[in-house]
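Chain and residue survey
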Amino acid sequence: MNSSAPPPGPLFKRMVLMVVDALREDFLFGSNGRSYMPYTRHLVERGSTHSYVAKARAPTVTMPRIKALTSGSVPGFIDVVVNLNTHALLEDNLMYQAKAAGLRMMFYGDDTWIKLFPKHFTESEGTTSFFVSDYTEVDNNVTRHLDHVLKRDDWDILVLHYLGLDHIGHISGPHSSLVPPKLLEMDDVFKKIHSSLVSKEAEGALPYLLVLCGDHGMSETGSHGGSSDPEVNTALLLVSPAFKRKEGMQRPLEVEQVDLAPSLALGLGLPIPQNSVGRVLTQILEGLSLRDQLRLLHLNGHQLSCLLRDSLPEYQRDPGWEMFRVAERAHGSWVSLYLEGNTSEVLQNVGQKVLKQYLQALVSMSAALSRQLGRYDMYSMVVGLSLVLQLVVMLVLSMPECLSGAALVDVPVLPSLLSLPFLLLCVLMGSVHVWVCTSAHGACFLCSLPWSLCFCVIGLMGALCCVTGALVVRRLSPGDKHKPSSSGSWSFPELDLLLLCGTLGHALLLGSSSFVEEEHQIWYFLLNTLCLALFQDVCRCYFRERPHSLDSEPLHEDPLDPLNSVDPAEIKAWFGPSQKSGSRRDAGAQRWLALATPAFTLLCCRLLRALNQTGVQWAHLPDLGHWFNSSEHKGVLSVVAALCLLLIYFLVQRRCSLVSKVALGLGLIGVYSYRAAIGNVKFPWQQTVRHADKGTVEARFVYVFVLGILFSGTKDLLRSQFGPAPRLRSRGLWEVYTGLVLMVALLFRAHNLPVLCGSLLIQTLMAQFVWSPLGYDAAQTTIMHYWFGQAAFYYQGNSNNIGTVDISVGFVGLDRYLEGPAVILTALSTYAGPLLWGAHLLCYLSYSRSPAALSHSSYTLAMLRSLPCSLFIVLITALRYHLFIWSVFSPKLLYESLHLLLTAWTVLVYSVSETRSGLNQD
């Protein structure tokens, strides 16, 4: 076949592409389709249409989906970040081809199109897609142009992108009472466009093409971005008089969303975008002759074969390539017979056989190209994983001396580099690298580096192996006090082993995509195990080892025990009555309260996990959140929200100044007023549910008190820097923490307020009855806070699916789109659990000490003591990221780096206080 022959002419004169953001397929093709969109559903059942369920690829966010619709390529997960700041699309696409062909295009709707295709439209007007609180004006600004545009004939392509349905989903979900009116509005718009096109249809002219589609779907929580069926299954409807009229409702065909780009390109007589992996929808070719159908299929196959040749080194071995070549040769023979004037039935049968061969080749090549986009550089990833694992093992082996009183960082680096095994390992690893790179068909990332840098990586791996081996030998030597004892048990406490193995084991489990999808189950299991371990520790310390001396001396004679360096009056002020200052009767009550704390924490965690189903496999199951948010249980939700806000006040206010206490109380009243204003809860005196508004005034009322509390805390922190005022510093930190709590209470949905309340209650009980009285050190409390923070992330209903990110909270108190505040508010709400637990860790470690002056040498010593624990946490995170990127993209990648940097900083602060207090005692 001659691929350079001119393509056939256009099949359609003009096209209208109507994109309804978040149009799930069940909104049109489901059981409620007749009531949601009656006119459109009538065309589906009785009109000249073709119906499809177009499957979008993750990430199901707007900008990557527009790229898929116009270029036919599969965007990557980096487009999730680019979606926040869209730039011009440089790769070949349908809009560029239409402009090059001289077609006149007009656009109204989401301004992402204007950013992707600048100067492509002869007339356009964009609306901001991120201001999700608006679901009315954002669509009216599109519809108001229709009457004028549809009367004109100076355009060939009209693109409309409606955002209101997507915004309603973000605000109240797909089952909201706002959804049916919005779908009826879209149905009226579609009816207006279709009626106008029908009235202008001319005899003998090319027909029109009207396309209705969604860029992505909508999850059961109203969000999108992941790969669940409600998010990827979108409605696609093609309407044209060139199609056969339907005679009843037929099951829509399932196609890929990228198939629309080559179909529209061929329908408009344009070249297929070069990077398109889609295949033409053969139903739009049903009115053409067999010769034209084969010609168009050959054009699609030729484009895919060229892309396959450029993407795969061994493209000739691909089955789709071979099938296309066979079909191309058969097509050439058929054309020769056709040109000779052969009109027998045999020629028709041969043509149908060639058509099937083309279709099979298109399916195979499209699948091969899609798989190619998901391949990873496994060799380079294994090398990076090995580096991180070696660093973690080295730190684990060197941590006992680092955290001891000597603060000794003794890693045998120089002896290892001068040893013969190091040279042999470098030679061996270099040989393996050369062998892998020369035998592999595709180049890896390491091969793209300069040889000098590549051998530096090999040398680093060899050095780490030798250092780790030397540390293992040292541990097993007879003189090492940290080696296994004769009974076979290590000298590490049981709780330390649990925290170490749990954190490291969790990171290793992230190599499996199934564990990533259901990661919350891992954290729930680890927290349950931790509660049982703490219960055992409390029983051993209070009731077994020294039950009669708890009221007179600390449980641990350890210079790192916080209670050994804190004044009893200060303990009483911050934690409540202490075992050191109370009577024997108070000490007995303290023991029983300490014993009940792990059991209560276990019960509280079980209740919190029932609030929101998350993950992938069981996310569709009903939970307490759905029950609370139903209209018939609004009264119950109102009572629960009020009780939670009241308990939050009593848990937080006791460490604040009088001004901050008043501001906190008024702020929490404002939080309830905001929730009542938007219709989530109601006041007791409300007899009828009032019309919900945006609650802008109430939210800004809360912001004023948040800023006031943060200002008060910052003022105390600054004052504490100019004199020995540790209590002032602790109060300042706590007031900053209080401001964060008030902000989170405002941003959390009403049914998630128990998550905030439960976290604060667990923090209070653990600090008063477990962490401080039992003398847990910085490393132990740090890892415990990390575990609770991770679990709190999932208690909120979040998951590793980006579709669970609630972007509607980014506009609480805003009456227009402001990118900076919206991003900050969304991030604060999404990662509120880990952030609050990290902030509480900082406050706890701060008010557990009464530091004095510290010399430069002591500060250096403190940094050395904190460095191993900090590096261990950071490297665990690095290992986690490595496995996360290997298996699935997660929105947690961003916040965990910031969260663990804060954790490392708190360990540093704590170690400085440790060394300072140790010097004072000496």
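Residues numbered from 1 in each chain as written. Predicted model: local features only at pLDDT ≥ 70, side-chain atom pairs only at ≥ 80, totals over all residues. Heavy atoms only, no water.

1. A few points about the overall build of the protein chain
Scanning the protein chain for helices and strands turns up 37 helices and 8 strands. Taking all 922 residues of the protein chain together, the buried fraction comes to 55%. Across the protein chain, contacts joining residues at least 24 apart in sequence account for 76% of those joining residues at least 6 apart. Surface accessibility of the protein chain: about 39500 Å² in total, with carbon and sulfur atoms responsible for 63%. (Helix = DSSP H or I, 4+ residues; strand = E, 2+ residues; numbered from the N terminus. Buried < 20%, exposed > 50% of the residue type's maximum accessible area, 1.4 Å probe, protein only. Contact = heavy atoms within 4.5 Å. Areas by Shrake-Rupley, 256 points an atom, 1.4 Å probe, with all protein chains shown as cover.)

2. So, the pattern of salt bridges
Tallied over the full model, the rule gives 20 salt bridges. Note that D26 and R24 form a salt bridge whose closest N and O atoms lie 2.9 Å from each other. You can call R24 buried: its relative accessible area is 5%. When the shortest N-O distance is used, the salt bridge between R719 and D716 registers 3.9 Å. With R719 and D716 both in helix α30 (residues 696-720) and 3 residues apart, this pair spans about one turn of that helix. Accessibility expressed as a relative area gives 2% for D716, which makes it buried. One network of salt bridges, in which partners are shared, links R14, D153 and K200. (Salt bridge = Lys/Arg side-chain N within 4 Å of Asp/Glu carboxyl O.)

3. Things to note about unusual backbone geometry
Although it is not a glycine, A22 sits at a positive phi angle of roughly 70°. Within the fold, A22 resides in the loop between β1 (15-20) and α1 (25-29). Although it is not a glycine, K119 sits at a positive phi angle of roughly 65°. Here K119 lies in the loop between α7 (112-116) and β4 (123-127).

4. Some words on the side chain of S51
Structurally, the position occupied by S51 is in strand β2 (residues 49-55). In this view, S51 contacts F29, V44, L236, L237, P252 and L253; residues no more than four positions away in its chain are not counted.

5. Comments concerning the sheet that holds strand β8 (residues 253-256)
Sheet architecture is open: 8 strands sit in the order β4-β3-β5-β1-β6-β7-β2-β8, paired in mixed fashion. The open sheet is flanked by β4 and β8, the only strands paired with a single partner. Strand-to-strand, the axes of this sheet are offset by a mean angle of 15°, without reference to chain direction. By the bridge criterion, 6 bridges tie β1 to strand β5 (residues 157-162) in an arrangement that is parallel. Bridge pairing in β5 links V16 to L158. Against the sheet, helix α11 (residues 179-199) contacts β1, β5, β6 (209-213) and β7 (233-239), and its axis sits at roughly 180° relative to β1. Contacting β1, β6, β7 and β8, helix α13 (residues 260-267) crosses the sheet at an angle of about 170° to β6. (Pairing = 2+ DSSP bridges. Axes fitted to C-alpha atoms, helices over the stretch in contact; angles between N-to-C directions.)

6. Focus on the pairing of β1
β1 sits mainly inside the fold: 6 of its 6 residues count as buried. With burial as the criterion, each face of β1 is covered, one bearing M15, L17 and V19 and the other bearing V16, M18 and V20. Sheet topology places β1 next to β6; 5 bridges connect them, and they run parallel. Bridge pairing links L17 to V211 in β6.

7. A few points about the environment of L414
With respect to the element layout, L414 can be found in helix α18 (residues 413-417). Exposure remark for L414: the relative accessible area of 57% places this residue in the exposed category.

8. What to know about the packing of aromatic side chains
Note on aromatic pairs: each is described by the distance of the centres and the angle between the planes. Here the structure, examined in full by the defined rule, presents 18 aromatic pairs. Their ring planes at 80° and their centres at 6.2 Å tell us that F27 and Y36 sit as a pair that is edge-to-face. Seen in terms of ring centroids, F788 and W837 are 4.8 Å apart; in terms of plane orientation they differ by 10°. Their pairing is stacked. Taken together, the residues span a long stretch of sequence, with F788 in helix α33 (residues 778-795) and W837 in helix α35 (residues 832-847) at a distance of 49 residues. Note on F788: relative accessible area 3%, which makes it buried. What links up through ring pairs into an aromatic cluster is the set F107, W113, F117 and F121. (Phe/Tyr/Trp six-rings, centres within 6.5 Å; stacked < 30°, edge-to-face > 60°.)

9. Some points on the side chain of D259
By secondary structure assignment, the location of D259 is in the loop between β8 and α13. Nearest to the buried, unbridged D259 among oppositely charged side chains is R279, at 4.5 Å. Every residue in contact with D259, bar those within four places of it in the chain, is listed here: G278, R279 and L281. (Lys, Arg positive; Asp, Glu negative; His and termini not counted.)

10. Some details on the packing of helix α28 (residues 634-652) against helix α29 (residues 658-677)
Contact pair α28 / α29: the axes reach a minimum separation of 10 Å and the direction vectors enclose 165°. As far as their axial angle goes, α29 and α28 are roughly antiparallel. Note that α28 runs across α29; the crossing there is right-handed. On α29, the residues that touch S638, A641, A642, L645, I648, Y649 and V652 of α28 are K661, L664, G665, L668, V671 and Y672. Broken down by class, the residue content of the contact of α28 with α29 amounts to 10 nonpolar, 2 polar and 1 charged. (Parallel < 35°, antiparallel > 145°, perpendicular 65-115°, else oblique. Left-handed = near helix turned anticlockwise from the far one by under 90°. Nonpolar A, V, L, I, M, F, W, Y, C, P; charged D, E, K, R; others polar.)

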